[in-house]
Amino acid sequence: NAGVTQTPKFRVLKTGQSMTLLCAQDMNHEYMYWYRQDPGMGLRLIHYSVGEGTTAKGEVPDGYNVSRLKKQNFLLGLESAAPSQTSVYFCASRVGSGELFFGEGSRLTVL
Amino acid sequence: GQQVMQIPQYQHVQEGEDFTTYCNSSTTLSNIQWYKQRPGGHPVFLIQLVKSGEVKKQKRLTFQFGEAKKNSSLHITATQTTDVGTYFCAGPDYGQNFVFGPGTRLSALP
């Protein structure tokens, strides 16, 4: 039982490049989330999904897009990376009002 | 929008000392959750409090939910080096999301 798996774990991009972060969960959870974590700012919600085929904006959605074509996968895309998007990205999932299960994180550096 | 604050931002203790972090929400919460993140790791769920005035213990950790359900605290007795990390509280917003506080980073010297 892998839980929540994020790929890749590390990535370095140049400004303007695009990339996709993949989050996969094997717990059949309905809700999935993408957060970014920056020093001193805690976890900020980028986008979330309450079920397959649905997505919604969180607190800091600009510059990101998401898709949830399959229940177990939640993709986070950066169409044109900017240095301000250098961060650690965490995916999480949950069922009902229960606890959030986090992936191990993806560290992204944009030069 | 809803805001969740935590104090202190940082806390450095000597091993064996007690530690407390406080969490305050701008709105009344239906429940509150606490997470711990070790350095270089990911947040891991510790506990959820639901009832007004609720107190829960996990070994040396004591969690409280305020009577008005707008604040919470985490107290660690006799801190050990294994307790080092950042502690986050999180409360649900009006949708399906949790709003996280900025965290309290705990460091300890043996």
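Values in this document were obtained by computation on a predicted structure and should not be read as measured data. (Residues numbered from 1 in each chain as written. Chains lettered and ligands numbered in written order. Predicted model: local features only at pLDDT ≥ 70, side-chain atom pairs only at ≥ 80, totals over all residues. Heavy atoms only, no water.)

Caption draft 1: Focus on the state of the cysteines. Under the definition given, this model contains 2 disulfides over all chains. Paired through a disulfide, Cys23(A) and Cys91(A) show a sulfur-sulfur distance of 1.9 Å. Looking down the S-S bond of the Cys23(A) and Cys91(A) bridge, the torsion is -75°, so its handedness is left-handed. Here Cys23(A) is found in strand β3 (residues 19–25), whereas its partner Cys91(A) is found in strand β9 (residues 87–94), with 68 residues between them in sequence. In terms of burial, Cys23(A) and Cys91(A) fall into one category: buried. Note that Cys23(B) is cross-linked by a disulfide to Cys89(B), the S-S spacing being 2.0 Å. Measuring the twist about the S-S bond at about 80°, one finds the Cys23(B)-Cys89(B) disulfide to be right-handed. (Disulfide = S-S within 2.5 Å. Helix = DSSP H or I, 4+ residues; strand = E, 2+ residues; numbered from the N terminus. Buried < 20%, exposed > 50% of the residue type's maximum accessible area, 1.4 Å probe, protein only.)

Caption draft 2: Seen up close, the interface of chain B and chain A. Between chain B and chain A, the contact holds 16 residues from the first and 20 residues from the second. Carbon and sulfur atoms supply 56% of the area that chain B and chain A bury against each other, a total of about 1,500 Å² over both sides. Linking chain B to chain A there are 3 residue pairs in polar contact (both at pLDDT 80 or more). Elements represented by at least two residues in the side of chain B that touches chain A include exactly β4 (32–37), β5 (44–49) and β10 (98–100) of chain B. Sort the elements by how many residues they give to the side of chain B that touches chain A and β4(B) lands first, with 3 residues. (Contact = heavy atoms within 4.5 Å. Buried area = accessible area lost by both parts, 1.4 Å probe. Polar contact = N/O pair within 3.5 Å; in protein donor to acceptor, adjacent residues only side chain to side chain.)

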